[in-house]
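Topology and contacts: notes
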Amino acid sequence: MLILASNSPRRKQILEMLGFDFDVKPSDCDETVCSGLTPSQIVCELAQRKACSVSHGLGDVVLGSDTVVSIDGCILGKPDSEQEAVSMLQKLSGRCHSVFTGVCVTNGCQTETLFVEAKVYFKQLDLKTIKQYVRTGEPMDKAGAYGVQGLGGKFVDKIEGDYYAVMGLPSTVTKELLMRFGLPLKNRDGNRNE
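As a starting point, this report considers the structure included with it. (Residues numbered from 1 in each chain as written. Predicted model: local features only at pLDDT ≥ 70, side-chain atom pairs only at ≥ 80, totals over all residues. Heavy atoms only, no water.)

**Points about the overall build of the protein**
Our working rule: Helix and strand definitions follow DSSP, with helices as H or I runs of at least four residues and strands as E runs of at least two, each counted in order from the N terminus. We call a residue buried when its accessible area falls under 20% of the maximum for its residue type, exposed when it is over 50%, and partly exposed in between, using a 1.4 Å probe and counting protein chains only. We call two residues in contact when some of their heavy atoms are within 4.5 Å. For accessible areas, the Shrake-Rupley method is used with a probe of radius 1.4 Å. Any residue's cover is judged against the shown protein chains and nothing else. This count recognises Lys and Arg as positive and Asp and Glu as negative, with His and chain-terminal groups excluded. The location of each charge is read from NZ of Lys, CZ of Arg, CG of Asp or CD of Glu.
In terms of regular secondary structure, the protein is built from 6 helices and 7 strands. Each helix and strand of the protein, ordered N terminal to C terminal, gives the series β-α-β-α-β-β-α-β-β-α-β-α-α. Residues classed as buried in the protein amount to 46% of the 194 residues present. Counting only contacts in the protein whose residues sit at least 6 apart along the sequence, the fraction spanning at least 24 positions is 64%. In the form shown here, the protein has an accessible surface area of approximately 9600 Å², with 46% of it arising from carbon and sulfur atoms. Across the protein, the centroid of the 22 positively charged side chains sits 5 Å from that of the 24 negatively charged ones.

The structure is reproduced here in structure tokens:
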């Protein structure tokens, strides 16, 4: 059985799209990380921490994931306030930034962790547009204060890399990892391929 250690509707949607059956058990692990880590180290550390905290004693395969936005050496997680969301979007406006997503799969005995980096190019945004978007509430639970799959997608000029990594779970590497752990995919009829 596969357990998703996240309550993210986007990660659930991607796993369903990939064709895996799974249950959800969100992690409540501490997400504080040491300073001085690179974005890739942070997302790998947190993805592994989330997966392992849920995996403890279950015997199931657990998937954990974490996403951060990085620009100018600064890491942008989820904004703590509307003002912070506005500030983040002003920083991203008209520029390219990196989105790092870490993925960890563990069964309690074997653990594999990796990350994917995607480059996202933002259009130039004026303050009025940014404030209108922030008032929708969409940015408040998303790294970098935008959702590429939602209203925030209109700010994106182009993406180099995995679109789904920007959403929060890279599709190709996640599927490959889960299949290495022996998880079957559903066929077109919704039944599992053994």
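**Focus: helix α1 (residues 9–18)**
What counts here: Directions are taken from the helix axis to each C-beta atom, and the arc is the one they span. In the analysis that follows, any N or O atom pair within 3.5 Å is treated as a polar contact, provided that within protein one partner can donate a hydrogen and the other can accept it, and provided that, for residues neighboring in sequence, both atoms belong to side chains.
Among the residues making up α1, those that are buried are Arg10, Arg11, Ile14, Leu15 and Leu18. Each buried residue of α1 sits inside an arc of 135° when the element is viewed along its axis, so together they form one side. At the N-terminal boundary of α1, the capping side chain belongs to Ser8, with an oxygen 3.2 Å from the backbone nitrogen of Arg10. The first or second residue beyond α1 is Gly19, which carries a positive phi of 95°.

**Topic: the packing of aromatic side chains**
To keep things clear, this is the line we draw: By convention, a stacked pair of Phe, Tyr or Trp rings (six-membered ring in the case of Trp) has centres within 6.5 Å and planes under 30 degrees apart, an edge-to-face pair has planes over 60 apart, and any other such pair is tilted.
What the rule picks out here adds up to 5 aromatic pairs. Centroid distance Phe122 to Phe155: 6.1 Å. Interplanar angle 55°. Geometry classified as tilted. Taken together, the residues Phe122 in strand β6 (residues 111–122) and Phe155 in the loop between α4 (127–135) and β7 (156–160) connect sequence positions 33 residues apart. When the centroid spacing of 5.0 Å and the interplanar angle of 90° are considered together, the rings of Tyr133 and Phe155 count as edge-to-face.

**Details of the pattern of salt bridges**
We apply this condition: Here, a salt bridge means any side-chain nitrogen of Lys or Arg that lies within 4 Å of a carboxyl oxygen of Asp or Glu.
Per the stated rule, a full pass over the model turns up 8 salt bridges. The closest approach of N and O atoms between Arg95 and Asp72, which form a salt bridge, is 2.6 Å. Of the two residues, Arg95 sits in the loop between α3 (82–92) and β5 (96–106) while Asp72 sits in the loop between β3 (61–71) and β4 (74–76), which places them 23 residues apart along the sequence. Here Glu160 makes a salt bridge to Lys158, at a shortest N to O gap of 3.7 Å. For Lys158, a relative accessible area of 43% translates into the label partly exposed. Ionic contacts of the salt-bridge type, sharing partners, join the residues Arg10, Asp141 and Lys142 into one network.

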